[in-house]
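The chain contents come next:
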Amino acid sequence: MKIRTRYAPSPTGKMHVGNLRTALYAYLIARHEDGDFLLRIEDTDQERFVEGATEIIYRTMKQAGLVHDEGPDIGGPVGPYVQSERVKSGLYLDYARQLIDRGEAYYCFCSQERLDGLKQVIDGKEVMMYDKHCLSIPREEAEARVRAGEPYVIRQNNPKEGSTSFTDVLYGEIEVDNSELDDMILIKSDGYPTYNFANVVDDHLMGITHVVRGNEYISSTPKYNRLYQAFGWEVPQYIHCPLITDSEHKKLSKRSGDTSFEDLVEHGYLPETVVNFVALLGWSPEDNREIMSLTDLVDCFDYHRISRSPAVFDYQKLSWMNGEYLKAMEPERFAEIAMPFIKKALPSITDADALKKIALMVQSRVELPQQIPDMIAFFDHLPDYDPALYCHKKMKTDEATSLSVLKELLPFLEREDDYTNDAIYQALSGWIGEHGYKNGYVLWPLRIALSGMATTPCGATEILEILGKEESLSRIRKGVALLGGS
RNA sequence: GGCCCCGUGGUCAAGCGGUCAAGACACCACCCUUUCACGGUGGUAACAUGGGUUCGAUUCCCGUCGGGGUCACCA
């Protein structure tokens, strides 16, 4: 049978990395076996609906490369793919009534106050389970009250005795006592189905074979199973993915930082980095490769290898991976990404060639484009710096040696005219050799004088080239002055 | 608190009865180098714990401890 998976988000805001991974796994499972991947919008909560959130979902999926075969924007054979549109046909209510006919559900008229009275606080957490109060209302009476316009909900009627089990591909069989199952609401008083109910109905109607979702749904799955059984529907394969947590091992939330796909991209992480990284949180390929494109992932994704234990979202490794992608990138594409940052940091440099050279320098040493400005700002203007920078034990330099070297070097550099990197490096090497110095002994102080930085994305001669003769000489003179050489 | 899930280095993560317990990030050292970075090389660092089962347990079973999830007219 052809595999059909779906990603079914609620349009309530930005797309969280946990959801992204769920979507990714659903996508990979389908694509790996030439199945279908659908997108369904679960907007049954009109209060939490956020304007524009659906667009964020489309945009994120597109950026991440998760192309769906059926969905609200492209249609398909089992539409509509937006639940609020499906509600209009009365389909959920019809199915809920079928359940009532079978004694698997019932009307409930309990007020919010009464429900609140059922709540109890345990360990500071509000816990509540419905007491089946309205189950005793005779069917005729309930229907009369409904006809009379009294507000009602429809609840699932779960048994108190016995147990219910379901099988998860990853976790195996999970069994719970029926006494644990709350009579959850299927149809809300506004006529909308709850997520739980709509999910089951739609997954069945849309022919979903593999339900991929977060681990947090595992405890409500028995109730889903009872629904499938009540309808006599085939139960899909369940694949509950392990949680992604913050460094405190708590479920990732807005509170833990910018963990939406959008935020990460805005911070300079490449979409392909995020996809790659998130794929490896809870799954690994047989050969343990780490840098993998989406197509690589499709090729070797075996959902049986998904882990059962939660994973911490580690920004450090994410950054490393981003650096790997940046380094492996075509220089042209990198330049495109880096250029805005370079230009911002170097308003005085307009020479396109020089800018391109700087981009090249920076490519192999940056993990996030946002790091670029600090790295190269010295090209624009010499920062104030501590003369202690001139001291370097391995180069055997200190402030005194640096002063004398720089003074010695000045007339030579004043004489030179070709400041292109190769030429000036050649010339300098010759000069260094003639004087019997070691490269670093001369080049270290020179680089410090030119940049005022302990670390730069390039060597001294590359800076000479970018800066040009005039600016270079001026900076060296400043260095001499700073070192007390007037 | 009830129920459910999880438990290999700081983090990700191989392993699926017999391994000197991979690899990656991070960290440290060294090499290379006109600095840093990149790249090399090497190093520190783990099977939560107690019982079983077995000739032999990281691996299987049970308990304990620890962590997490869930208990809405939210998804």
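This section reports on the structure supplied with the text. Since the model is a prediction, treat every value here as computed from it, not as a measurement. (Residues numbered from 1 in each chain as written. Chains lettered and ligands numbered in written order. Predicted model: local features only at pLDDT ≥ 70, side-chain atom pairs only at ≥ 80, totals over all residues. Heavy atoms only, no water.)

Turning our eyes to something else, we now look at the packing of helix α4 (residues 91-101) against helix α8 (residues 221-231). As a packed pair, α4 and α8 sit with axes 10 Å apart at the nearest point and diverge in direction by 80 degrees. In terms of their interaxial angle, α4 and α8 are classed as roughly perpendicular. Residue-level inspection shows Tyr95, Gln98 and Leu99 of α4 in contact with α8, the latter providing Leu227, Ala230 and Phe231. (Axes fitted to C-alpha atoms, helices over the stretch in contact; angles between N-to-C directions. Helix = DSSP H or I, 4+ residues; strand = E, 2+ residues; numbered from the N terminus. Parallel < 35°, antiparallel > 145°, perpendicular 65-115°, else oblique. Contact = heavy atoms within 4.5 Å.)

Here we come to the protein's contact with RNA strand B. RNA strand B sits among 64 residues. The nearest are Ser10, Lys250, Glu290, Arg365 and Tyr425. Atoms of RNA strand B within 4 Å of the protein belong to the sugar or the phosphate in 68% of instances, the rest to bases. Interatomic distance of 2.7 Å between a side-chain N/O atom of lysine 251 and a phosphate oxygen of RNA strand B. Where the surface near RNA strand B is concerned, the elements lending two or more residues are α5 (112-118), β5 (125-127), β8 (172-177), β13 (311-312), α12 (315-328), α18 (439-451) and α19 (460-482). Its residues assigned to classes, the surface near RNA strand B shows 28 nonpolar, 17 polar and 19 charged. (Near = heavy atom within 4 Å. Polar contact = N/O pair within 3.5 Å; in protein donor to acceptor, adjacent residues only side chain to side chain. Nonpolar A, V, L, I, M, F, W, Y, C, P; charged D, E, K, R; others polar.)

On to helix α1 (residues 17-32), then. Between its first and last C-alpha atoms α1 spans 21 Å; for 16 residues at 1.5 Å apiece the expected length is 22 Å, and the two agree. Aspartate 34 occupies a position one or two residues after α1 and carries a positive phi of about 55 degrees. (Expected span 1.5 Å × (residues − 1).)

With that settled, the discussion passes to the pairing of strand β3 (residues 105-108). Taking every second residue as pointing to the same face, both faces of β3 are buried, with Ala105 and Tyr107 on one and Tyr106 and Cys108 on the other. The pairing of β3 with strand β6 (residues 153-156) spans 4 bridges and is antiparallel. In the strand pairing of β6, cysteine 108 is matched with valine 153. (Buried < 20%, exposed > 50% of the residue type's maximum accessible area, 1.4 Å probe, protein only. Pairing = 2+ DSSP bridges.)

What follows deals with the sheet that holds β6. Across the sheet, 3 strands lie side by side as β3-β6-β9; this open sheet has antiparallel pairing. In this open sheet, the two strands that pair with only one neighbour each are β3 and β9 (185-187). Going from strand to strand, the sheet's axes swing by 40 degrees on average, the running direction of each strand aside. Two strands pair when backbone bridges link them, and β6 and β9 are joined in this way by 2 bridges, in the antiparallel orientation. Note on β9: the bridge partner recorded for arginine 155 is isoleucine 185. Across the sheet, α4 lies against β3, β6 and β9, angled at about 110 degrees from β3, the strand it touches most.

All right, on to the packing of aromatic side chains then. Tallied over the full model, the rule gives 17 aromatic pairs. Relative to tyrosine 238, the ring of phenylalanine 166 has its centre 5.7 Å away and its plane inclined at 80 degrees; by these criteria the two rings are edge-to-face. In this pair, phenylalanine 166 sits in strand β7 (residues 163-168) while tyrosine 238 sits in strand β11 (residues 237-241), placing the two residues 72 residues apart along the sequence. The exposure classification of phenylalanine 166 matches that of tyrosine 238, with both residues buried. Between tyrosine 385 and tyrosine 390 the ring centres are 5.9 Å apart and the planes differ by 55 degrees, which places this aromatic pair in the tilted class. Each member of the pair, tyrosine 385 together with tyrosine 390, is buried. Three or more aromatic residues joined by ring pairs make a cluster, and in this case those are Tyr95, Tyr228, Phe231 and Trp233. Across the ring face of tyrosine 130, the terminal group of arginine 155 is positioned such that the distance to the ring centre comes to 3.8 Å. (Phe/Tyr/Trp six-rings, centres within 6.5 Å; stacked < 30°, edge-to-face > 60°. Lys NZ or Arg CZ within 6 Å of the ring centre and 35° of its normal.)

This brings us to unusual backbone geometry. Trans peptide bonds make up most of the peptide bonds, and negative phi angles are found at most residues other than glycine. Put simply, glycine 79 and proline 80 share a cis peptide bond, and its omega is -5 degrees. With respect to the element layout, proline 80 can be found in the loop between α2 (53-64) and α3 (83-87). The phi torsion at aspartate 123 lies on the positive side, around 55 degrees, for a residue other than glycine. As for its position among the elements, aspartate 123 is in the loop between β4 (120-122) and β5. Residue classification places aspartate 123 among the exposed residues on the basis of a relative accessible area of 69%. Even without a glycine there, the phi angle at lysine 132 is positive, about 60 degrees. Mapped onto the elements of the fold, lysine 132 is located in the loop between β5 and α6 (139-147). Take lysine 132: its relative accessible area is 16%, and that puts it in the buried class.

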